[in-house]
Each structure stands twice: as C-alpha cells, then as structure tokens.
Amino acid sequence: MTTPTNSQLNDDDLELLSAYIDSRLSAGERIALEERLRAEPALRASLDELRATVGLLRDLAPLTPPRSFALDPAAFKPKPSLFGGWLRLGSALTAVVLAFTFLVVFVERGGSGAPASTSAFNAMQQATSAAAEAPQVAMSEATTAPAAGGAAPEALAVPTTGTAADSAATTAPPAAPMAAAAATEAGAPIAAAEQPPTAMVLGPVGSQPSIASSQPESSESSGAENSAGALAQQPTSAPYPQPAAPIATSGNASTDTTDLSSTNPTAPNLRVAASGPPTGLIALGVGALLVLLVGGVVLFARRRRP
Amino acid sequence: MTDEEHRLIATAQRGEVESFNALVRLYEGRVYNLCYRMLGDADSAADAAQDAFLSAFRNLRGFRGGSFRSWMLRIATNTCYDVLRARKRRPSVSLDAAGDDDDDSSPLQIADAAETPDEFALRRELATAIQHGLTHLPDEQRLVLILSDIQGLAYEEIAQITNTNLGTVKSRLSRGRARLRDVLKAGELLPARYRHEAEGYGN
C-alpha cells in the first residue's frame, strides 16, 4: 500500500503526532490519539514516517569543528598602561594645580594678605570721596600701574564716563604694586575672603568675590604642594591693573564688568586681584578636570574596543 | 550550569580571555554544529562560529544568569540569521550551491568500526540528503528542527533561544519535520526499516 501523502494530514494532526513523538502530550491527549492511531491507518503511517525522519536527524553524527574558536588574548589586552597612565597623569595634574593654589593662598595669607586688603580698602575710600577728579588723572595713574598692559585699556575705557578715578587713583599705584605682588604670589581665594569690605564695595562685580570666597572650600590640599599652584597661577595673574580697576568700577561697575570680561577674560580678576586671582584658580581647576575627563573618555573608548 | 561555569563566566566578565576560552571549548562543538546545519557549508559555519564567540565575549556583561548554553546558542542563532540575510541580499550565492558543495566542504565522515562499507556509504548519502533537505526549509523551521532533533534541546529552551513561545516552537517543529520527511521520501531515502514498519500497519 502507498503511504498517505503529507497533504492528507492537517496541521493540527501534524502537531499532535509531532508532540506525541516527543512525549509532550497530556495524558488525555495521548489516550485520544492512540485510539485514533488504532483506527486510522493513514494517521499511523504518517506517524511512522515522522518518527523515521526524527530518527535520522537524531542519528546524524556530530560534526567536528575544523579548528578551535578560542579567542586570542593578545587582541583583548586592556592596555593597563594607558588606563594607569591617564589616571596618574590626571591625578598628578590635579594635585599639582591644587598644590599651586594652596601655596599661593598660604603665601599670600601669611605674607601680604593684610597689607593688600588694607591698601585696597584705602583706595576704595579715596575713590568714593574724590568724585569730581578728572578722568585724565585716572588714566595716567592707570597707565603707571605696574600691571600688564592688557587690562590698562580697560581701566582707560572705564573712567570715560567721568567717575571717581582722581586722587583715589594716586593712592592706587602704591596699593597696586603691593596688591600685584600679593596676587602673583598668592592667587587669592583666602585673601579674597579676608577682604569682604572691598568685595562689597565693588557692587555688581561682587559676584566675582563670591566666587573667590568659595574657592577655599574647593582647594583643600596640603600646603606642601603650594609652589606648584603659585607657578601655575602666574600667567593668569599677570595682567593686574588692579588699582585702576577697583577704583574705576566703583562708579561704573556694570560697564567695567562688561568691558573687562568682554576683552580680557582674566580682567575680572582685577578687582579681586587685590585679594587674589580666583578666576585663574577656577581655570586651572577646570583644566585639571578636563584632563581627567579626556583621560576617562579615552579609557572608556578603548575599553569598548574588544 | 555548573559552579565551574559560574566561576568561568564571572572571571570572563571581568575581561579574562582565558576564562572565556574555557567556555568556548565547552560550547564550540555545539555552536559549530548549529552553524553548519543552519548555513550548509563548513567555511560559513566556521566564520559564523568565530563571530558568535567574539560577539559573546564582547557582550558578556549582558549575560545576567540563567542558562549560558541558551544565551550562547541565541547569539549563534542571530549570527547565522545575519549570514542568511546577507546571502539573500546577494542572490548570486544560491542556497543550492552552498548545499551541494559537499565534496569540498562537507565535514569528514568517519566510518564506524562496526559499519560495512555499504552502511558507511549509505550514512554518508543520508547525511548529504538531510543537509540538502534542511537547506530547503524556511529558516525558522530549520532552526527549530536543528535545536530539537539534532541538538536534543527541550521545547522550553528552544523557545528561549528563539525568543518565541511554546506554541510557535511546536508549530515550526511539526511543519519542519513534515517537510523534511517529504524531501527524504522523494529521494527514497527514508530507511527501509521504517518503511517496512509503516507498511505493516496498512493491513
């Protein structure tokens, strides 16, 4: 007899037979199917053919892989030197920056912090009292200020509105050298914190002092590493026409801030420069963080490679 | 999964390639066989198996417990599907060509000491016919047939590996078996002993 073709079996029966072969029918299903198998030869024949097919598949000899698929460890070396290198570099730079910061801070605080604040305060008082003095005086005083020329144009621009500058400016130069010296050495945050009166008088630019006064909290490294901070601070503390700036800003605070900040990013230092260069500190801190961030990104990118 | 496997996986997840290679040695037979049966030739199977293990190592952190075998076979399955999809986009490589290339790329069949030469030849012919039949099944049916009847896995594990449910597994399995049965019957390759048994019930 010819065995029935597949088309004589519907999908449901096929599934029943298939599950029966795998012993996956429930007791009830199995009993019902076995009854049908006894009664339907076509169903029985199909079952046998399916069993034969499954048997052939199960009897297939397993194939041996032509080679091992083990991975080459050399291809996945995580390059510990890079990770260690970046981390160490970033940590070292951060430590160096913080060290410089604190050296500057401590030196200024221990050295000329008080004198600087005193002279700056005096300068401010003179500025407010001599309200009618010619802007020319301020300009000439500003030019004599021993700071870098960069901020001088700012000081020049400010007095044009006709404010204070005058005799206050004359007292400014003396204060300037001291403030400049203190600033170049120290960098500030603590110095700035010690001069709240100065900071307050500066008006709108007071936002800078507040940043400066918050610096001490962020700079919490040991004093032994201060020299690094001092060296790092110097470039940013170079343009220090502080004497002219505080005086000039007493009357034109907003203008001053705008001019200084627009043309000379380190200019906002000036007012607080009398007490230290917090912006320089911020820049260095940001720089150190950027180094760490870049190192972290590179590390992360490399770790993803395998 | 044994404790040893747990330990190997944990170490491998930390980037230890040698631990992962111990896992590779445990599963490369299965993975290679799956790839061969799915793709039809030894070269494609070797490439796919290597890709599967590479992918597994790269994504090892994504293994969050459960059966490593199922996880590994799922990766191998996906790798095979990628190859099959790529083949369909390049119609110059026909399935028939892959399936008939048995002289160059079929795996070595080693004669069983108890086999006669005729039995060996028949077995070899059957293996070729079965692979040919498998190649002409829809991919999903072929996969389930391989996992169930060649790899011996239960419905539940197959459902996990294929990311489907039991009903789908049963349906694809039954249809796949029926289709392969038709191919073998057409080639008169259903073994005589089975045919004899089938005929016996008709009387």
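These figures come from a predicted structure and were not determined experimentally. (Residues numbered from 1 in each chain as written. Chains lettered and ligands numbered in written order. Predicted model: local features only at pLDDT ≥ 70, side-chain atom pairs only at ≥ 80, totals over all residues. Heavy atoms only, no water.)

Caption draft 1: Highlighting the overall build of chain A. Assigned secondary structure in chain A consists of 16 helices and zero strands. Scored against the burial criterion, the 306 residues of chain A give a buried share of 44%. If you take every contact in chain A between residues at least 6 apart in sequence, the share linking residues at least 24 apart comes to 86%. Total accessible area on chain A is roughly 13,800 Å²; 63% of this is exposed by carbon and sulfur atoms. (Helix = DSSP H or I, 4+ residues; strand = E, 2+ residues; numbered from the N terminus. Buried < 20%, exposed > 50% of the residue type's maximum accessible area, 1.4 Å probe, protein only. Contact = heavy atoms within 4.5 Å. Areas by Shrake-Rupley, 256 points an atom, 1.4 Å probe, with all protein chains shown as cover.)

Caption draft 2: Fine view of the overall build of chain B. In terms of regular secondary structure, chain B is built from eleven helices and zero strands. Ordered by position in the sequence, the α and β elements of chain B form the string α-α-α-α-α-α-α-α-α-α-α. A buried classification covers 49% of the 203 residues belonging to chain B. When contacts within chain B are restricted to residue pairs at least 6 apart in sequence, long-range pairs at least 24 apart make up 62% of them. For chain B, the accessible surface area stands at approximately 10,000 Å², while carbon and sulfur atoms represent 48% of it.

Caption draft 3: Quick look at the interface of chain B and chain A. Listed by partner, the interface residues are 52 residues for chain B and 43 residues for chain A. Interface area for chain B against chain A, summed over the two sides, is near 4,300 Å², with a carbon-plus-sulfur share of 62%. On inspection of chain B and its partner chain A, the count reaches five salt bridges. For A:D11, the salt bridge identified is with B:R175, shortest N-O distance 3.4 Å. (Buried area = accessible area lost by both parts, 1.4 Å probe. Salt bridge = Lys/Arg side-chain N within 4 Å of Asp/Glu carboxyl O.)

Caption draft 4: How the structure looks around the environment of A:R88. Within the secondary structure layout, A:R88 lies in helix α4 (residues 80–110). Between the alpha carbons of A:R88 and A:G295 there is a distance of 9.7 Å; along the sequence they are 207 residues apart.

Caption draft 5: Fine view of the packing of helix α3 (residues 42–58) of chain B against helix α4 (residues 68–89) of chain B. Residues and elements named next belong to chain B. Taken N-terminus to C-terminus, the directions of α3 and α4 make an angle of 130°; their axes are 9 Å apart at the nearest point. Judged by the inter-axis angle, α3 sits oblique to α4. The hand of the α3/α4 crossing is right-handed. On α4, the residues that touch S44, A48, D51, A52, F53, S55 and A56 of α3 are W71, M72, I75, A76, T79 and R87. (Axes fitted to C-alpha atoms, helices over the stretch in contact; angles between N-to-C directions. Parallel < 35°, antiparallel > 145°, perpendicular 65-115°, else oblique. Left-handed = near helix turned anticlockwise from the far one by under 90°.)

Caption draft 6: Looking closely at the pattern of salt bridges. A full pass over the atoms with the stated rule returns 18 salt bridges over all chains. Measuring nitrogen to oxygen at the nearest pair gives 2.9 Å for the salt bridge that ties A:R36 to A:D13. Pair noted here: A:R36 is in helix α2 (residues 27–39) and A:D13 is in helix α1 (residues 11–21), with a separation of 23 residues, a long-range link. Between B:E156 and A:R24 there is a salt bridge, with the nearest N and O atoms lying 2.6 Å from each other. In this pair, B:E156 sits in helix α9 (residues 155–162) while A:R24 sits in the loop between α1 and α2, so the two residues belong to two different chains. For B:E156, a relative accessible area of 38% translates into the label partly exposed. Judged by relative accessible area, which is 28%, A:R24 ranks as partly exposed. Within the structure, one salt-bridge network assembled from shared partners comprises A:D22, A:R58, B:D149 and B:R177.

Caption draft 7: A look at the confidence of the model for chain A. Residue and element names in this part refer to chain A. Chain-level statistics for chain A give a pLDDT mean of 61 and a share of 38% at 70 or above. Averaged pLDDT values for the elements of chain A fall to 40 in helix α13 (residues 244–249) and rise to 97 in α2. Low confidence marks residues 113–117, where pLDDT is under 50. Its contacts with residues over four positions away, or in another chain, come to eight contacts. Under a pLDDT of 50 for its full length, residues 137–274 has, in the predicted model, 266 contacts with residues more than four places off or in other chains. (pLDDT = per-residue confidence, 0-100.)

Caption draft 8: A look at the packing of aromatic side chains. The full count for this structure, using the stated rule, is eight aromatic pairs over all chains. Ring geometry for B:Y27 versus B:F68: centroids 5.4 Å apart, planes at 55°, classification tilted. Taken together, the residues span a long stretch of sequence, with B:Y27 in helix α2 (residues 17–39) and B:F68 in helix α4 at a distance of 41 residues. For B:Y27, a relative accessible area of 9% translates into the label buried. A centroid spacing of 6.4 Å and a plane angle of 40° characterise the contact between B:Y32 and B:Y36, whose relative ring orientation is tilted. Taken together, the positions of B:Y32 and B:Y36, both in helix α2 and four residues apart, correspond to about one turn of that helix. For the pair B:Y32 and B:Y36, a shared accessibility class is recorded, and that class is buried. Through a chain of ring-to-ring contacts, the aromatic side chains of A:F69, B:Y32, B:Y36 and B:F53 assemble into a single cluster. (Phe/Tyr/Trp six-rings, centres within 6.5 Å; stacked < 30°, edge-to-face > 60°.)

Caption draft 9: Region of the structure containing α4(B). In this model α4(B) runs 32 Å from its N-terminal to its C-terminal C-alpha over 22 residues, within 8% of the 32 Å that 1.5 Å per residue would give. Capping the start of α4(B) is the job of one residue whose side-chain oxygen sits 3.3 Å from the backbone nitrogen of B:R69: B:S67. (Expected span 1.5 Å × (residues − 1). Polar contact = N/O pair within 3.5 Å; in protein donor to acceptor, adjacent residues only side chain to side chain.)

Caption draft 10: Inspection of helix α8 (residues 139–150) of chain B at higher detail. When the terminal C-alpha atoms of α8(B) are compared, their 15 Å separation across twelve residues agrees well with the 16 Å that a helix rising 1.5 Å per residue should span. α8(B) sits mainly inside the fold: ten of its twelve residues count as buried. Buried within α8(B) we find B:D139, B:Q141, B:R142, B:L143, B:V144, B:L145, B:I146, B:L147, B:S148 and B:D149. On its buried face, α8(B) sits against α3 (41–59) of chain A together with α2, α4, α7 (117–135), α9 and α10 (166–186) of chain B. Count one or two residues on from α8(B) and you reach B:G152, which has phi positive near 75°.

Caption draft 11: Representation of unusual backbone geometry. A positive phi angle is found at A:S23, which is not glycine, with a value near 55°. You can see A:S23 is positioned in the loop between α1 and α2. Phi at B:N163 takes a positive value of approximately 60°, unusual for a residue other than glycine. Along the chain, B:N163 turns up in the loop between α9 and α10.

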